[in-house]
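Close look at the chain arrangement
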Amino acid sequence: MYRTHHCNELRQSHAGETVTLCGWVNTVRDQGGVIFIDIRDREGVTQCVFRAEENEEANKLSHTLRGEDVIQVTGRVDVRPEIDGQSTFNDKIDTGEVELVATELTVLNKAEVLPFQLDKELSNEDLRMKHRYLDLRRPRMSKNIRLRGDITNSIRNNLAEQGFTEVETPILSKSTPEGARDFLVPARLSPGKFYALPQAPQQYKQLLMVAGVERYFQIARCFRDEDLRADRQPEFTQVDIEASFVNSDDIFTLIEGMLVDIFKVSHGVDVPTPFERVDYWHAMDTYGSDKPDRRFGSEIVDLTEVFADSGFGVFKKAIEGGGVVRAINAKGFASVSTGQVKRLEECAKEAGAGGLAYIQVRGEDVSKWRSPIIKFFNETELEAIKDKLDIEDGDLILFGCDKRQTVCDVLGRLRLEVAEMCGWLEGKEDILDFFWVVDFPLLGYDEEEGKWNAVHHPFTRPKADDVAKLDDESQWADIRAEAYDVILNGNELGGGSIRIHESDLQSKMFSVLGIDEEEQAENFGHILGAFAYGAPPHGGIALGLDRLVMLAAGEESIREVIAFPKNNKGNDLMSASPAEVDFKQLRELYLKSTVDDKKKS
RNA sequence: GGAGUGGUGGCUCAAUUGGUUAGAGCACCGGCCUGUCACGCCGGAGGUUGCGGGUUCAAGUCCCGUCCACUUCGCCA
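Residues numbered from 1 in each chain as written. Chains lettered and ligands numbered in written order. Predicted model: local features only at pLDDT ≥ 70, side-chain atom pairs only at ≥ 80, totals over all residues. Heavy atoms only, no water.

1. Some details on the overall build of chain A
A count of helical and extended segments in chain A gives 15 helices and 23 strands. Within chain A, the fraction of its 601 residues that count as buried is 46%. A sequence separation of at least 24 residues applies to 67% of the contacts in chain A between residues at least 6 apart. For chain A, the accessible area works out to roughly 30600 Å², and carbon and sulfur atoms hold 47% of it. For chain A, the distance from the average position of its 73 positive side-chain charges to the average position of its 107 negative side-chain charges is 5 Å. (Helix = DSSP H or I, 4+ residues; strand = E, 2+ residues; numbered from the N terminus. Buried < 20%, exposed > 50% of the residue type's maximum accessible area, 1.4 Å probe, protein only. Contact = heavy atoms within 4.5 Å. Areas by Shrake-Rupley, 256 points an atom, 1.4 Å probe, with all protein chains shown as cover. Lys, Arg positive; Asp, Glu negative; His and termini not counted. Charge placed at Lys NZ, Arg CZ, Asp CG, Glu CD.)

Written out as structure tokens, the structure is:
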């Protein structure tokens, strides 16, 4: 037996016992005669005291210890003494009332000097990743990784209790043209052909419903070959769920229960249920986002009627073209700097706006307002916006005018940017604003491609009341889907839908999406076939586990909750992957690179 | 593919906006210390300022190129 206790276990009640601890040398405080070593394992830290009078050899050896050496210490648990009437208790550590008086020391493994110190925050991401195994030793990382484990446990328990069966689905699967770029794996046994890594187990889980599994879940690794972000990795994990004979409400109840348990585990709080449900268009019109952050106000106000006949040409033209004029009031931000205005304008342009109209409200009197556009407004318009936007001295008003969708995007983004600039979220980190966004549109028109795409995915069921509209293209934009997203504080935790389970409806859906019969047979023949043999009504959801754990851990990047993440470019700096492979390996796969590598050497 | 920020001893950062021998804290090495807990004290070692070029009497600082990292847009549920 290596040890009798872990390093966060000993208390005054253990006094007098002889115990053995194992762990890493956290700190060394060499006083010459007496030496204090804090020994650390994943649970915590315990102070060991080495004195020559207890064991001369151990004391001597203790002088050679350095940070991160792995040691085994045996000794007697003592309550920390009073020295000159002063307590030597350390209330910063849980074991601070005792110490281990060492009688035996074994160095299990010496450590070289580390490339970075574990007791300091490190800004060098590069270095952290290169020595990730050391980075993970730090308490914050270790806590995150263990929280992730606790959360997946909680999810498994929760779903098992509800009768869900965990089923694994293939990692080597088939490329589908829809959605993100696939990772491809050459199939040696079928020269010239490729597997694709799954972007999500979507089709498999529906087929499991046809198979009569009824309640499926999987903590599933998914792959997408797109550019990375702080909250995006090429491989990521979804909590994938599908159930038969359920409606949206059943899914909501299930997921709410699961999330309540998760935040009980991570925050120790009871999240109230049921979560509020917000209509998609209400979210878009009010917050300019389908995953709004509602922890602060500055909601979007429609001013289309006010400016319907405006003397300001830009507004008037937008409205005449079927567009809208809307604005947000950034309360108290009239002090915005020129640089910030520029940044906001950039932001608006990125979201599709032509420019940014604004008013800096500096005083009660309109003559003191600073704005490039206000001179075009008449008295009635000014009174109307004062009233509708609740304008007070010190406010900043930001306008958007264009098509409804564009204005939503623009003002939605500005709203978040302003919140960032003004620190509106400071002190609100503990708020947990969970809700559902429902009644998504089923279809969205892609201007570039000139075709209709599925907003969620092609298997999403239209709302019963809207099914008939599939026959009339002019009504496609108005079809609502039986789809839902669950949101927390402006983050999409997951989304799902009730699916189509009839092959004729599914076939019609494919047609609407511009997938002809031949292509349907080729790419989706198996699922259409399956639906012909008695597919039960079913639906499900997928939650992004990485993001969920990130939020539960209070981190800002999913890399902080993934043991071995990839960097911006999809590289693993520790193992130096991806890497070149031997020519022979490629030959066996019938592959030849076309990369021009004259830049090398 | 575009944009932004950054790259200075092992780590975190500084260096008067172009001017002496590139500094400090931590870590490291040596010494001292029997109650420390971010221990303390004395001493020491450690640098091709990411790389390449240019401007200049003089470049960590300015210019061009390039590489790397992070953030972001495009892309991506």
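So much for the structure itself; the text now carries on.
2. A short note on the nonpolar core
Core analysis: the biggest nonpolar cluster contains 41 residues, and Ile-155, Ile-241, Ile-255, Leu-259 and Trp-436 have the highest contact counts within it. Broken down by element, the residue count for this core peaks at nine residues, all from helix α6 (residues 248-267). Contact partners of Ile-255, with chain neighbours within four places excluded, come to Ile-241, Trp-436, Ile-541 and Leu-543. Ranked by size, the runner-up nonpolar core spans 31 residues in total, among them Val-437, Leu-470, Phe-510 and Ile-527. (Core = buried A, V, L, I, M, F, W, Y, C linked by side-chain atoms within 4.5 Å.)

3. Digging into helix α11 (residues 404-422)
With 19 residues, α11 extends 26 Å from end C-alpha to end C-alpha; this agrees with the ideal 27 Å at 1.5 Å per step. Along α11, the residues classified as buried are Thr-406, Val-407, Cys-408, Val-410, Leu-411, Gly-412, Leu-414, Arg-415, Glu-417, Val-418 and Ala-419. Contacts from the buried residues of α11 go to α7 (280-287), β15 (324-330), α9 (338-350) and β17 (396-402). (Expected span 1.5 Å × (residues − 1).)

4. Some remarks on the protein's contact with RNA strand B
The environment of RNA strand B is made up of 47 residues, and the closest members are Asp-30, Arg-51, Glu-99, Pro-115 and Gln-117. Each atom of RNA strand B within 4 Å of the protein was assigned to sugar, phosphate or base; sugar and phosphate come to 55%. At 2.5 Å from a base nitrogen of RNA strand B is found a side-chain nitrogen or oxygen belonging to Glu-99. Between Asp-227 and RNA strand B, the recorded distance is 2.7 Å, taken from a side-chain N or O atom to a base nitrogen. Only β1 (18-30) and α2 (125-130) provide two or more residues apiece to the surface near RNA strand B. The residue makeup of the surface near RNA strand B, split by class, is twelve nonpolar, 15 polar and 20 charged. (Near = heavy atom within 4 Å. Polar contact = N/O pair within 3.5 Å; in protein donor to acceptor, adjacent residues only side chain to side chain. Nonpolar A, V, L, I, M, F, W, Y, C, P; charged D, E, K, R; others polar.)

5. What to know about the sheet that holds strand β7 (residues 98-109)
Taken together, five strands build a closed barrel; the order of strands is β1-β2-β3-β7-β4 and the barrel is mixed. Neighbour-to-neighbour, the strand axes of this sheet turn through a mean angle of 55 degrees, independent of strand direction. Strand direction decides the pairing type here: strand β3 (residues 44-50) and β7, joined by two bridges, are parallel. Bridging across to β7, Val-49 finds its partner in Val-101. (Pairing = 2+ DSSP bridges. Axes fitted to C-alpha atoms, helices over the stretch in contact; angles between N-to-C directions.)

6. Let's talk about the pairing of strand β21 (residues 483-488)
In terms of burial, β21 is a largely internal element, six of the six residues being buried. Side chains Ala-483, Asp-485 and Ile-487 project from β21 onto one buried face, and the interleaved Tyr-484, Val-486 and Leu-488 project onto a second face that is buried too. Direction of pairing for strand β18 (residues 434-438) relative to β21: antiparallel, over a ladder of five bridges. Bridge assignment links Phe-434 to a residue of β21, and that residue is Leu-488. In this sheet, strand β22 (residues 491-498) lies alongside β21 in antiparallel orientation, the contact comprising six bridges. Bridging across to β22, Ile-487 finds its partner in Glu-492.

7. So, unusual backbone geometry
In this model, Thr-273 is joined to Pro-274 through a cis peptide bond whose omega is -5 degrees. Within the fold, Pro-274 resides in the loop between α6 and β13 (276-279). Even without being glycine, Glu-68 reaches a positive phi, approximately 75 degrees. Along the chain, the position of Glu-68 falls in the loop between α1 (56-62) and β4 (70-79). Assessed through its relative accessible area of 7%, Glu-68 is described here as buried. Look at Asp-390: it is not a glycine, yet its phi comes out positive at around 55 degrees. Tracing the backbone shows Asp-390 in the loop between α10 (379-388) and β17.

8. Regarding the confidence of the model for chain A
Across chain A, the average pLDDT comes to 91, with 99% of residues at or above 70. Of all the helices and strands in chain A, α9 carries the lowest mean pLDDT, 82, while strand β8 (residues 165-166) carries the highest, 97. As scored by the predictor, the complex reaches a pTM of 0.92 and an ipTM of 0.89. (pLDDT = per-residue confidence, 0-100.)

9. A look at a negative patch on the surface
Negative charge collects at one region of the surface, where Asp-516, Glu-517, Glu-518 and Glu-522 lie side by side. Along the chain, Glu-522 turns up in helix α13 (residues 517-531). (Patch = residues over 30% accessible without salt bridge, like charges linked within 9 Å, V, L, I, M, F, W, Y side chains within 5 Å. Salt bridge = Lys/Arg side-chain N within 4 Å of Asp/Glu carboxyl O.)

10. So, the packing of aromatic side chains
Aromatic ring pairs are reported here in terms of the distance separating the ring centres and the angle at which the planes meet. Throughout the structure, instances matching the rule amount to 22 aromatic pairs. Centre to centre, the rings of Phe-252 and Tyr-484 are 5.2 Å apart; their planes meet at 90 degrees, and the pair counts as edge-to-face. Placement of Phe-252 in helix α6 and of Tyr-484 in strand β21 is noted, with a sequence separation of 232 residues between them. Here Phe-252 and Tyr-484 have matching classes, each one buried. Each member of the aromatic cluster is reached from another via a ring pair, and the members are Phe-307, Phe-312, Phe-315, Phe-376, Phe-377 and Phe-399. One cation-aromatic arrangement involves Arg-294 over Phe-435; the distance from NZ or CZ to the ring centre is 4.0 Å. Sitting over the face of the ring of Trp-281, Arg-404 holds its NZ or CZ atom 3.8 Å from the ring centroid. (Phe/Tyr/Trp six-rings, centres within 6.5 Å; stacked < 30°, edge-to-face > 60°. Lys NZ or Arg CZ within 6 Å of the ring centre and 35° of its normal.)

11. So, the state of the cysteines
The full count for this structure, using the stated rule, is zero disulfides. Of all cysteine sulfurs in the structure, the one in Cys-347 sits closest to Cys-422, which takes part in no disulfide; the separation is 13 Å. Accessibility expressed as a relative area gives 27% for Cys-422, which makes it partly exposed. (Disulfide = S-S within 2.5 Å.)

12. Observations regarding the sheet that holds β13
Strands sit in the order β8-β11-β12-β23-β22-β21-β18-β13 across an open sheet of eight strands; the sheet is mixed. Edge positions in the open sheet fall to β8 and β13, since each of these has one partner strand only. When β22 meets strand β23 (residues 538-544), the two strands line up antiparallel, connected through five bridges. When the sheet's bridge partners are listed, Gly-494 is paired in β23 with Leu-543.

13. Focus on the domain arrangement of chain A
Along its sequence, chain A is carved into domain 1 (12-109), domain 2 (149-245 + 540-545 + 556-601) and domain 3 (296-422). Computed from C-alpha atoms alone, the centre-to-centre distance between domain 2 and domain 3 is 43 Å. (Domains from an automatic or database assignment.)

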